Amino acid sequence: NAGVTQTPKFRVLKTGQSMTLLCAQDMNHEYMYWYRQDPGMGLRLIHYSVGEGTTAKGEVPDGYNVSRLKKQNFLLGLESAAPSQTSVYFCASTDGQAIDYEQYFGPGTRLTVT
Amino acid sequence: LAKTTQPISMDSYEGQEVNITCSHNNIATNDYITWYQQFPSQGPRFIIQGYKTKVTNEVASLFIPADRKSSTLSLPRVSLSDTAVYYCLVGDIYSSASKIIFGSGTRLSIRP
């Protein structure tokens, strides 16, 4: 049981380039989330999904797009990267929607935009 | 969601008991209190959750007084490996997890 995995672990982009971050979970969870964490800060929710084929905006969605074509995968896309998107990106999944369900996090993707 | 306030940082030594207090003065009746732990270069992981009184598991204890306006995470006999950021979250069990707010947390440093 791998839990939540993220690909890639590290990436350096130039301003204006695009990329896709992949999150995969093998726990059959319905709910998946993408967060970003800036140095010394807490996590901020970018987008989330309540099931296959659904997505919704979180607190800081601008500049990002997501897709959930398969239940086990949640993709985060940056169409035109900006230095302000330099951050560590975490994916998480839960078994239920409510706050009392434990969130399982991936190891993170460290993205630098120059 | 109820706003939480916790210390920015704490220091302690190996073998000591560490208590991290979180203030949540406007906690609502349906709110639960949840703590997460984040090691450097890793994603957060769930530690413990409670509603009132005391909850204990193999990692920590959570003390919640009767008025529930604060909670204390207790880590017994800490070791260097307990160095991490600890987040206190408060939220309604009927609310979506998309409304969870991870604040800046408490950065705990354990020294030899």
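Please read all numbers here as calculations on a predicted model, not as lab measurements. (Residues numbered from 1 in each chain as written. Chains lettered and ligands numbered in written order. Predicted model: local features only at pLDDT ≥ 70, side-chain atom pairs only at ≥ 80, totals over all residues. Heavy atoms only, no water.)

Turning to the overall build of chain A, a few remarks are in order. Tallying secondary structure elements over chain A gives 0 helices and 11 strands in all. Since a compact globule built from 114 residues should have a radius of gyration of about 13 Å, the 13 Å found for chain A is in line with a globular shape. Among the 114 residues that make up chain A, the fraction classed as buried is 48%. Taking all contacts inside chain A whose residues are at least 6 apart in sequence as the whole, residues at least 24 apart take part in 55%. Element-wise, carbon and sulfur atoms account for 50% of the exposed surface of chain A, whose accessible area totals about 5,400 Å². Treating the 10 positive side-chain charges of chain A as one cloud and the 10 negative ones as another, the clouds have centres 11 Å apart. (Helix = DSSP H or I, 4+ residues; strand = E, 2+ residues; numbered from the N terminus. Rg over C-alpha atoms; globule rule 2.2 N^0.38 Å. Buried < 20%, exposed > 50% of the residue type's maximum accessible area, 1.4 Å probe, protein only. Contact = heavy atoms within 4.5 Å. Areas by Shrake-Rupley, 256 points an atom, 1.4 Å probe, with all protein chains shown as cover. Lys, Arg positive; Asp, Glu negative; His and termini not counted. Charge placed at Lys NZ, Arg CZ, Asp CG, Glu CD.)

With that out of the way, let us pick up the packing of aromatic side chains. The geometry of an aromatic ring pair is captured by the separation of the ring centres together with the interplanar angle, meaning the angle of the planes. Under the counting rule described, the total for this entry stands at 11 aromatic pairs over all chains. Ring geometry for Tyr35(A) and Phe105(A): centres 5.6 Å apart, planes at 40°, overall tilted. Taken together, the positions of Tyr35(A) in strand β4 (residues 31–37) and Phe105(A) in strand β10 (residues 104–105) put the pair 70 residues apart, joining distant regions of the chain. Neither residue differs from the other here; Tyr35(A) and Phe105(A) are each classed as buried. Where Tyr87(B) meets Phe102(B), the ring centres are 5.5 Å apart and the plane angle is 80°; that geometry is what we call edge-to-face. Pair noted here: Tyr87(B) is in strand β8 (residues 84–92) and Phe102(B) is in the loop between β8 and β9 (106–111), with a separation of 15 residues, a long-range link. (Phe/Tyr/Trp six-rings, centres within 6.5 Å; stacked < 30°, edge-to-face > 60°.)

Here we take up the interface of chain A and chain B. Counting residues at the interface gives 21 residues for chain A and 23 residues for chain B. Summed over both partners, the interface of chain A with chain B comes to about 1,800 Å²; 56% of that surface belongs to carbon and sulfur atoms. On the surface where chain A and chain B come into contact, there are 0 salt bridges. Run the count over chain A and chain B and you get 3 residue pairs in polar contact (both at pLDDT 80 or more). Residue assignment for the side of chain A that touches chain B shows that the elements contributing at least two residues are β4 and β5 (43–49) of chain A. Looking at the side of chain A that touches chain B residue by residue, the class counts come to 12 nonpolar, 6 polar and 3 charged. (Buried area = accessible area lost by both parts, 1.4 Å probe. Salt bridge = Lys/Arg side-chain N within 4 Å of Asp/Glu carboxyl O. Polar contact = N/O pair within 3.5 Å; in protein donor to acceptor, adjacent residues only side chain to side chain. Nonpolar A, V, L, I, M, F, W, Y, C, P; charged D, E, K, R; others polar.)

Residue and element names in this part refer to chain B. Here we have 4 strands laid out as an open sheet, ordered β2-β7-β6-β5, and antiparallel in their pairing. Unpaired on one side and paired on the other, β2 (18–23) and β5 (53–56) mark the two borders of the sheet. Each adjacent strand pair in this sheet contributes to an overall mean axis angle of 15°, direction not counted. Summarising the sheet, β2 and strand β7 (residues 70–75) pair through 6 bridges and their orientation is antiparallel. Within the sheet, the bridge partner assigned to Cys22 lies in β7 and is Ser71. (Pairing = 2+ DSSP bridges. Axes fitted to C-alpha atoms, helices over the stretch in contact; angles between N-to-C directions.)

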